[in-house]
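# Geometric and topological summary
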Amino acid sequence: MLRALAQRIDQHDPRAFNNLGVLYHSKGMHADAVDALLKALAIDPRMQTAARNLEVVAASDGACDVRLAELAERIARNADDRAAGREQARLLRLIGRTIEASQKLDALIAEDPDDAAALLERGLLEQRAGDLRRAQRWFERATSANVEEPMARLHLAEVLYQRGQNEQALDALDELLLLDDEIADAHMLRGFVLGDMGRHEAGMEAARRASALNPAEQSAQPNLSLEKLTPRSVQAVSLRSMPSAVSVAATMTSNAGIELARYGLGLAFRQRGYFAEARREFERALAAGEDARLVRHAIAELDIVAGNSGDAVTAYGQLLLDYGEQARWRNELGVAEHQRGGVELAAESYRRALRCDPRHALAYNNLGVALADLGDAVAAREAFQQAVAINPTLVRTRLNLARWLSQNGDPLAALALLRELASFHGQVAEVWFDLGVVLAALKRNDDAQQALTSALELRPDHSEARYALADLLRARGDADGASRESQSARALAPRRGVTRLSVGIDLQDECPDAVGGLELLPTAPVLAFAGNACEEAETFASRSLHGEALARYEEVRMALELSGPRNVWRRAAIGEARSRCMLGRGAEALELLERVLKSSHTGSSDDSEVLALIAAAQASAAKTNDVAARLARVAIERFMRLDSRSAALLHFVGDVALSLNDDALAIILFRRALAVDPTRPSPRVAIARMLRRRNDMLAARLELVAALSAAPTWRDGLLELARLHCDAERAHDAMAILVTHLNRVPNDAEALALLAGALLKVGREKDARLALERALRHDATNSEALQLQATMLSTSAGPLQMEAA
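Quick look at the structure, then. Remember, it's a predicted structure, so these values are computed and weren't measured experimentally.

### Considerations on the pattern of salt bridges
Within the structure shown, the criterion is met by 57 salt bridges. Of the charged contacts, one joins R580 and E576 as a salt bridge, the two residues approaching to 3.2 Å between their closest N and O atoms. Separated by four residues within a single helix, R580 and E576 lie in helix 33 (residues 566–582), roughly one turn from each other. In this pair, the class of R580 matches that of E576, namely buried. E784 is the partner of R723 in a salt bridge, and the nearest nitrogen-oxygen pair spans 3.0 Å. Here the residue R723 occupies a position in helix 41 (residues 715–727), and E784 occupies one in helix 45 (residues 783–795), the gap between them amounting to 61 residues. Residue classification places E784 among the partly exposed positions, given a relative accessible area of 24%. Connected via shared salt-bridge partners are R689, R692, R715, D716, E720, R723, D727, D748, E750 and E784.

### Here we look at helix 7 (residues 98–111)
Because each turn of an α-helix spans 3.6 residues, side chains separated by three or four positions in sequence point in the same direction. Here helix 7 is 14 residues long and its end C-alpha atoms lie 20 Å apart, about the 20 Å a rise of 1.5 Å per residue gives. What helix 7 keeps buried is the set T98, A101, S102, L105, L108 and I109. Here the buried residues of helix 7 occupy an arc of 130° about the axis, which is enough to place them on one side. Residues of helix 7 that are exposed and angled more than 90 degrees away from the buried face: Q103, A110 and E111.

### Overview of unusual backbone geometry
With phi around 65°, K443 is a residue other than glycine that occupies positive phi space. Relative to the elements of secondary structure, K443 occurs in the loop between helix 26 (429–441) and helix 27 (445–458). Within the chain, N695 stands out as a residue other than glycine whose phi angle is a positive 70°. Considering the arrangement of structural elements, one finds N695 in the loop between helix 39 (682–693) and helix 40 (697–710).

### Points about the environment of Q168
Among the structural elements, Q168 can be located in helix 11 (residues 166–179). Owing to a relative accessible area of 40%, Q168 belongs among the partly exposed residues under this scheme. Sequence-wise, Q168 and L156 are twelve residues apart; in three dimensions their C-alpha atoms are separated by 9.6 Å.

### Observations concerning the environment of G266
As for its position among the elements, G266 is in helix 16 (residues 261–271). We classify G266 as buried; its relative accessible area is 0%. Taking the C-alpha atoms as reference, G266 lies 5.7 Å from F282; in sequence the two are 16 residues apart. Leaving out residues up to four positions away in the same chain, G266 has contacts with A278, E281 and F282.

### A short note on helix 43 (residues 749–761)
Helix length check: helix 43 (13 residues) gives 19 Å between terminal C-alpha atoms against 18 Å at 1.5 Å per residue, within 8%. By the criterion of burial, helix 43 is predominantly enclosed, with ten of the 13 residues buried. The complete set of buried residues in helix 43 reads A749, A751, L752, A753, L754, L755, A756, G757, A758 and L759. Its side-chain oxygen placed 3.2 Å from the backbone nitrogen of E750, D748 serves as the N-cap of helix 43. Phi for G763, located one or two positions after helix 43, is positive at around 85°.

Analysis parameters
- Residues numbered from 1 in each chain as written.
- Predicted model: local features only at pLDDT ≥ 70, side-chain atom pairs only at ≥ 80, totals over all residues.
- Heavy atoms only, no water.
- Salt bridge = Lys/Arg side-chain N within 4 Å of Asp/Glu carboxyl O.
- Helix = DSSP H or I, 4+ residues; strand = E, 2+ residues; numbered from the N terminus.
- Buried < 20%, exposed > 50% of the residue type's maximum accessible area, 1.4 Å probe, protein only.
- Expected span 1.5 Å × (residues − 1).
- Arc of directions from axis to C-beta.
- Contact = heavy atoms within 4.5 Å.
- Polar contact = N/O pair within 3.5 Å; in protein donor to acceptor, adjacent residues only side chain to side chain.

So, in C-alpha cells, the structure goes:
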C-alpha cells in the first residue's frame, strides 16, 4: 500500500518523499526508506530533516547494503564510471561514513582535478565536519572548474557568510543570481546577508522573493522526523545560522505563523557572543508572551554558558516538568549538574537523555566524561567510542577519546587519532595542543614543539599550550625560551590548569565562535593543585628521580583521600606505588595497590598497571617470603587475562617474571609485547639475553639483528650484541660495534668495560688497560669494570696505573 501511495505523491515535493521515507522506516522497510529520502535530497539537497533522517535509517541493519552493493558492482564492471563513484561517495557522506567518502572523493579528484561535482561533494564533506576554511577552498575549486555550477556558488556564499565575510558572500550570490534568478535558496541566503549588514528593507524583499519562488516554504504540510527536534521554525534558525534579527523574525513569522521577534533578536545577539543583550531580549520575549518553551530553554542555555549551574538546574527541571522529556534538555541538565560537581546526578541525566534518543552523540560523550570522573575507565571509553560511531565528525568526542587513550597508557593510539583529527580539523587549536602533549610524552620533541607552536598560532591565549611548550624547551636545554614561555603563560593564567575531558551542549556547535568550553568543578582549586603535582611527579619519574616523584604523588593522594575526583586519586595512588617499586620498596605499596584494585571496575584499563605493580611488589618481597613469590605469579596470571595492549607494561611484567626465575613466562610476556609493537627493540634484547645465557647464540643473534633493524643506534641492543660476539669468540666484531658506539657516546662506562674485555681477548693488554681505566674514571662503581679489573690484577705483575686525566 505504501509503494502504491508513492506513485501518487507529488514527484517534485521533497517533503512528501521525506515523510514517505519516515513511514517506510516505521514499517521496517529500511531500503525503501533510504530510496525515498535520497529522492527528497535529490529534489532539495539542503533539506536538513531528510539528511538527518537518512542517517537514522542508515544505522538500521542492511538499510544501505543493496544500494551500496549496486554501486560497487557498477564500478567493478566499469572502473571509469565516475558517475557511480560520485554517487557512492555522496551516499557515504549522507549516511555519516565520512572517512570512506573522503577517500573515494580524493581518488576521483586525483584522476580528474577539474571534476566539479566531486569537488563540490568534497566541500560539502568539510562543511559537514565544520571546517569552513577547507570547505571554502573546495567550493572555490568547484566554481573554477564549472563556472555555471549553481550549487557550488551557493555553498561558497553560505560558507563565506558563516565565516562573517558578508561582502564576499553578497558578491558570490549576486554572481549566482545573474546566472539564474530562480534559485529560491540564493534569495533566502541573500536576505540573511543583507539583514546582517543592516540593509533590512532589501533583506525583507529578498526573503519575500524566496518565498514566492518556493511555495513549499509556506506549505502547511509538516516535515516528519525520526528524532525529537525543535519546531521547524527554530530548526531553520539553528541550521542556517541566521544572526540578523530582521531575518530571524521574518523567517519565523512566515514559516510558523507566530510572532517571535524578541526571541529572534535574542538569538542574533547570542550568535555574536553578546550574552547579556541576548538574555535581556529573551526576558522581554517572555514578558511579551512569546513562546515560553523556546524562550525559557534559551535562558537556561545562557545559564550553562555563564556557569550559573544552580539556576540552570532549576530551569531545566521546570522545563522537563512542564513540557515532558526531551533528549537535548536532559543532556543539558546533566551538564549543569556536572558543572556544580554532582557527577553521579549528571551521569544519570545523560543516561535518561539516551533513553529519549539512543543516537544522541553529545549525551554519549558527556556520559563518558562523567564515567571517567567516577573512575569507570572502561565504560568511559565505550561511551566515547559509541559517540564517535554515531557522529564521526564530533571533534570534542574524538579529542576526549585521544585524551583517554593517552591517560590510560596507549599514547600511540592517541597519536594516530590526533593526527587524523589534525588532518581534518587543522583549525582547532586544542587538537594541536593535545598532539603536542602526546608527542612530548613519546620524546618526539621536534614534532611536539611544532604542534604546540601551531596551537599557539591558532590561539595565542592558550595558556596550557604555553606551559607545555615551556616544559618542552626546558627539557631541550633552552632555558631562555622556557622562561619566556613560562612568563607568557603566567600572564594569561597565573595558575596552571588541568587538561580534562570536556562535556558539550548543542549550543557550542550552533554558535562556535561565541560559546567556548564549559568549565567543570570551577570551585575546586584542589583539582588544579592535584593535576600540577601529578604532572611534576611524572616529570621527575621520567628522569628516574623516583624519590622526588614519590613525595608529590603521596601529597596528592593524601589530599584527595576523603574527597575529590576518584580518577585523579587513582592516578596519584598508582604513581606513588610505581615510585615505591622503582625504589625497591615495593612491599610498602601492596596495601595501597590492593585498595586501588578494589575501587576499580573489573577490566579497567589501569587495572593492568595495578596488577603489574602488585606482581613487582610481591616479587621484591619474594627474596625473604616464599608466599610472596606465589602471590606474584597469581598477579601476573590475572594481568595476562586482561590482555593488556601496552608493550611497555608487558615488558615490565616480563622482567618481573625473570626476577622470579620463570624464563618461560617471561618469554611469553616479551612475545606479547612484540605482538603489540613489533618495532619495539627492548623485548627482543631481553629475549636475546635469555638465549645467550642458554648458549643459543644463533637465535640470540637473530633477535638482536631484528631489534637493531628497528633501532640501529639503540644502546642496549648494541651492547648485548657485543657481549654475544665476545662469548662466541668473535672479539673483533664486538670491538667494531663498541668503537662505533663510543664515537657517539665516549663516556659510556659499560661499553668501555666491554671494549676492555674484547681487547684482552685478542691480546691487546695495554689497550685493554687504557679502556678499563677510562671506564672506572667515568663510573668507579661499574660492576663489569671492577670484575675485569680484579681478573687483570690476578694475572698481572703489578697494580693498574691510572692514566693522567
